[in-house]
Structures are given as structure tokens and as C-alpha cells.
Amino acid sequence: MNQFEPKIIAFLCNWCSYVAADAAGVSRFKQAPNIRAIRVFCSGMVDPGYVIKAFASGADAVLVAGCHTGDCHYISGNIKALRRSFLLDKLLTELGVEKGRFRLEWIAASESPRYAEVVNEIASEVKKLGPFLPSLASH
Amino acid sequence: MSKKKVAIYTATGCRTCENTVLDIHYQVSDLSRYFDVLFWPYVLGSQLEDQDKIDDLDFSFYAGAVCTESDRQVAIRLREKSKIMVTIGACASFGGMPGLADLLARGNPESFSGDNAVRPESIPCLPGTEAQVSALFQVVDVDYDIPGCPPTQNLVWAAIQAFSGWSASTSNLSCAASRLPESIAQAIVSGVLPPRKSMFAGEKAVCASCSRIKEEKKFSDAKRFYENYEATGRCLLEQGLICQGIATREGCGGICTGAGLPCRGCFGKPPAVYDPGAKMVSAISSTFDCEKAGEIKKIVEKFNDLTGTFYRYNLPSQCELLRALRGNL
């Protein structure tokens, strides 16, 4: 039987987390190959609609990663992402998205080992949870 | 001009939409000059069998969500016979409040209904329910929608004129058409049918026609309506109430918000909004007046039943996650 390979959508902020992801690759850190990275300018621009659309289109998990508090290139974009995350998490839970499928992380440009760690954590967690939309798992 | 042959029916719903058909002021006395209503259980006491006697219909108003087998059968039969099929009300257009039943896994209570019911013949049985509640367009092809819970009078009046070719005075027409998109309004005024699949409602969000003063939105607490309403004329969302105007289609003219009642979303989502729940999460979160995770968490804990609030009238058809889970991608 084929092992379930989750699809994980990662919204990575241009200034910190995307750089970390890039560096993690260059540094050859071992990471799960399940990530589909989407570079965004700021974690604050990731509308809750994007996250819901990702799940509705067949993603098994969504990661939103941005700069640490105080480090935002746009001063407070990451705070906006933080504010939304709690209510969004609550709505997703009510609609049947299990805890662990949606995650908000702060990963600075210099923290490439941390990026690899987060990716591996999510991948192993979601593998345990199984596909979000079973009918789409084969695609 | 010959009378238009019409059917009016409510499936799983409260029948208020049928009342709004009669809520057209003095014009109601002329209704019978233009309409020949052949099937209307609520007012004429028609039986379901009466549908078979009808050869064809000019248009049908279908209200209520499709929740039972008989709802589905009537929908299919009315569709076959009608030239124009119109949903009236949020239930038929989007699934409405009966659609919230989809949040629960359901089964019929066996002793009362279903094929294997154990009951004496004298006890009437409940109709079998479908696995999922549907909006009418998820069951049959729909030509026009009149949203709202119930639809506002001017929109119903505009629709009646559009389908009946009933030309009223210009002032009446302009009042009815003023809240409609130009394409629909012009069609009604010039006596032709509006573009198929159009919705008798506006295109923007309720905020566009809401009369309240909108300033910087900041609050640090979630409140229920009775806890925190000030008659200051300020935006209700800014006052810490959950007003869904921002994620709801315009057309009502902001009558609820004008009276101080937060919008509940009965016109469904406007075309520019992807998912009403996501939009509301974004709108409400942006008003939180704090930056620490702990403080935000504390506010969020006060919110109850986000799904039932944000998707109150449109869970079966406009909640993208649920649609994906249903396999209607």
C-alpha cells in the first residue's frame, strides 16, 4: 500500500521565512518533501480566505510563517497575522479541521534549522492525521 | 395580455417568503388580474397531486431549503413545468437556516419515520430527510434568485414586475429598481427579462448602503447585542458587536443596521467575497485592540458558535470548506 504523502501549503514571508527556507535547502538540512511553498510579501497579507481555499482545494495542512514579533519588514504585519490566527483556528476547528493542520510560526531568516524542524514536525503530524479530503488523496 | 400561470411553494422553511409575495401594498389587489396562481398550498390549499393537473407554468417561486424527499420531488416537477424557476428567500437561494442541520450527523428516529418504521397506521410519520440539506440550485437548474430572510418588499415587487410584464407607474418602478444592479434595473424598466442567473440584490457589501458612521475599528472585548449597544450612529462592528454587513450582499438598503441591529447575513455573500466565514474572521480580528497572544486568546474564547453565526443563512452552498467536504468542488 502506498504511504500517504500529505500536501502542505506554506505561506512564507519574503523577508524572513522564505529566506530561511532557501537557506535550509542550501545548507542541505533534511526536510520532508511535502511542502508547496508560496512566497508572500508578509504573513500579514495571508487572508483567512487563502487558508480556507487551500484546505478546500485539497491541502492537508497549511503553514503560515513570518518574522518574529518586532522584526516585521512592514512594522506590524506579523501582529495582524497573529490576531487573525486564533479566530481562524477556532472556525477551522468548528468546521472539522483537526488541530495541527493549521499552524502559524515565526521563523527568522537566520533560523533555517528551525524551518526544517517545523516542516518535519508538521509532515509527521499530518501523516498521522491522514488526508483532509479523502476523495482527493489520490491526486 | 394573458395572465401568467404561476406556482408558489415553500419546502423546508417558515413560509414568510410566501407572505412577502403578498406584501406589495395596494398592488396586491391587482395580483389576480396578472397572475393565475395554479399551485399555492399555503394560500389556496393546493395538494401535492394538483401539480399533475398543470401542463405548464410561466414561472414558479420556490421558497425553503431542500431537506426532504418531497421537497426534492416538488422541485423537480416544478422545474419540468416552469419556463422560469425563481428561488425566493435565503433558504432556497443558499440553504438558509435549515442548512445548519448539516453541522450534525443525522439519522431518522426509526420509530417515527422511514421504511422500517414500527408504528400503528393511525400515527402519521415524519418524511424521510436527505443526508444533506441543499439550496435549490444544488438540486435543479435555477433561473433567478431573490435572496433575503425574508426578501425585502422592493425586491419582490421588482421581481414580480420583471416576470409578469406588469407595468406600474414610473415612481413605483424606480423605487423597486433603485437598489438593483443596472443590468437588472434597466431590463425591468424596458419590459424585458433580466439576464438569466441574475440575483435580485445589489453587488457590493451591505456596508456600502449602511448609514452608520465608520471610523477606526478597535475594541478589546466581544459583546452580545444586549450588552453593548449605544445609539450613537457609529458602525456596529466598531462597537464590538458581530455585524456581518461586510461579508453580506447589499440590496436590503441596510435596514437592520439602520435600526441598530447587527447584520445577520441573510443576502448571502457578495461576489467579491470568497468565503463569508473567512471574511468575518478577518474583519473581526482586525478590530482587536491588543498585540499579545494571551490577550487575543482571551477575547477569542468569548466567541460562541462561529459557524452558526458566519454561515447562518448559507452553510450548504457558500461555506467553501463544507462544499469541499461534500465533494461539490
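Residues numbered from 1 in each chain as written. Chains lettered and ligands numbered in written order. Predicted model: local features only at pLDDT ≥ 70, side-chain atom pairs only at ≥ 80, totals over all residues. Heavy atoms only, no water.

Quick look at the sheet that holds strand β7 (residues 144-146) of chain B now. Residues and elements named next belong to chain B. An order of β2-β1-β3-β5-β7 is seen for the 5 strands of this open sheet, with the pairing classed as parallel. Pairing within the sheet leaves two strands with one partner each, and these edge strands are β2 (35-39) and β7. Looking at each pair of strands side by side, their axes are set apart by 30° on average, direction ignored. The pairing of strand β1 (residues 4-10) with β2 spans 4 bridges and is parallel. Note on β2: the bridge partner recorded for Ala7 is Phe39. On the sheet, helix α4 (residues 69-81) packs against β1, β2, β3 (57-63) and β5 (82-88) and is oriented at approximately 140° with respect to β5. (Pairing = 2+ DSSP bridges. Helix = DSSP H or I, 4+ residues; strand = E, 2+ residues; numbered from the N terminus. Axes fitted to C-alpha atoms, helices over the stretch in contact; angles between N-to-C directions. Contact = heavy atoms within 4.5 Å.)

Residues and elements named next belong to chain B. Domain parsing of chain B yields domain 1 (4-189) and domain 2 (206-326). Facing the 23 residues of domain 1 at the interface are 20 residues of domain 2. Approximately 1700 Å² of surface area, both sides summed, lies buried where domain 1 meets domain 2, with 65% of it carried by carbon and sulfur atoms. Summed over the three residues of domain 1 that lose the most area to domain 2, namely Phe94, Met97 and Arg179, the buried surface amounts to 31% of that side. Across the contact surface, domain 1 and domain 2 share 0 salt bridges. Across the contact surface, domain 1 and domain 2 share 4 residue pairs in polar contact (both at pLDDT 80 or more). Those elements that place two or more of their residues in the side of domain 1 that touches domain 2 are α5 (90-94), β6 (129-134) and α6 (153-164). (Domains from an automatic or database assignment. Buried area = accessible area lost by both parts, 1.4 Å probe. Salt bridge = Lys/Arg side-chain N within 4 Å of Asp/Glu carboxyl O. Polar contact = N/O pair within 3.5 Å; in protein donor to acceptor, adjacent residues only side chain to side chain.)

It is worth spelling out the state of the cysteines at this point. In this structure the tally under the stated criterion is 1 disulfide over all chains. Across the disulfide, A:Cys16 is cross-linked to A:Cys67 (sulfur-sulfur distance 2.5 Å). A torsion of 105° about the S-S bond marks the disulfide between A:Cys16 and A:Cys67 as right-handed. On the criterion of sequence distance, the pair formed by A:Cys16 in the loop between β1 (8-13) and α1 (17-26) and A:Cys67 in the loop between β3 (61-66) and α3 (77-94) is long-range, its members being 51 residues apart. The burial state of A:Cys16 is the same as that of A:Cys67; both residues are buried. With no disulfide of its own, B:Cys149 lies 5.9 Å from the sulfur of B:Cys266, the closest cysteine sulfur. (Disulfide = S-S within 2.5 Å. Buried < 20%, exposed > 50% of the residue type's maximum accessible area, 1.4 Å probe, protein only.)

Our next topic: the sheet that holds β3(A). Residue and element names in this part refer to chain A. Ordered by their spatial adjacency, 4 strands build an open sheet running β2-β1-β3-β4, and the pairing between neighbours is parallel. The open sheet is flanked by β2 (35-40) and β4 (102-106), the only strands paired with a single partner. On average, each strand axis in the sheet is inclined to that of its neighbour by 20°, with strand direction left out of account. Where β3 meets β4, 5 bridges bridge the pair, whose relative direction is parallel. Along β4, the bridge assignment pairs Leu63 with Arg103. On the sheet, α1 packs against β1, β2 and β3 and is oriented at approximately 115° with respect to β1. Those strands touched by helix α2 (residues 48-56) are β1, β3 and β4, and its axis lies near 150° from that of β3.

With that settled, the discussion passes to the nonpolar core. Side chains of a nonpolar character, in soluble globular proteins, are inclined to be buried together. Among the nonpolar cores identified, the biggest contains 46 residues, and A:Val51, A:Phe55, A:Leu92, B:Phe288 and B:Leu321 are the most heavily contacted of them. In terms of residue count, the dominant contributor to this core is α3(A) (6 residues). Apart from the residues lying within four places of it in its own chain, the contact partners of A:Phe55 are A:Asp60, A:Ala61, A:Val62, A:Leu92, A:Val97, A:Arg101, A:Phe102, A:Phe132, A:Leu133 and B:Leu321. Residues B:Val21, B:Phe163, B:Leu180 and B:Leu241 belong to the second largest nonpolar core, which totals 43 residues. (Core = buried A, V, L, I, M, F, W, Y, C linked by side-chain atoms within 4.5 Å.)

All names here are of chain B. Taken as a whole, the second largest pocket encloses approximately 310 Å³ of empty space. Around the second largest pocket sit 20 residues that line it, and Met199, Arg249, Lys269, Pro271 and Gln318 are the ones nearest its centre. Counting residues per element, the ones that place at least two in the lining of the second largest pocket are α5, α8 (182-189), α13 (315-318) and α14 (320-326). Tallied by class, the residues present in the lining of the second largest pocket amount to 7 nonpolar, 6 polar and 7 charged. Residues from two domains meet in the lining of the second largest pocket; each of domain 1 (4-189) and domain 2 (206-326) gives at least three. (1 Å grid on protein atoms, 1.4 Å probe; cavity = no way out; pocket = protein on both sides within 12 Å on 5 of 7 lines; lining within 4 Å. Points joined across faces, edges and corners; volume = space filled by probe spheres on them. Nonpolar A, V, L, I, M, F, W, Y, C, P; charged D, E, K, R; others polar.)

For chain B, per-residue confidence averages 84 on the pLDDT scale, and residues scoring 70 or more make up 84% of the total. We note a pTM of 0.88 for the whole complex and an ipTM of 0.90 for its interfaces. (pLDDT = per-residue confidence, 0-100.)

Right, let's talk about the interface of chain A and chain B for a bit. Contact with chain A, which involves 23 residues of that partner, is made by 29 residues of chain B. Buried surface at the junction of chain A and chain B, summed over both partners, amounts to about 2400 Å²; 74% is from carbon and sulfur atoms. Seen at the junction of chain A and chain B, the total is 0 salt bridges. Joining chain A to chain B, the criterion identifies 6 residue pairs in polar contact (both at pLDDT 80 or more). When contributions to the side of chain A that touches chain B are tallied by element, the ones reaching two or more residues are α2 and α3 of chain A. Of all the elements, α3(A) adds the most residues to the side of chain A that touches chain B, at 11 residues. By residue class, the composition of the side of chain A that touches chain B is 16 nonpolar, 1 polar and 6 charged.

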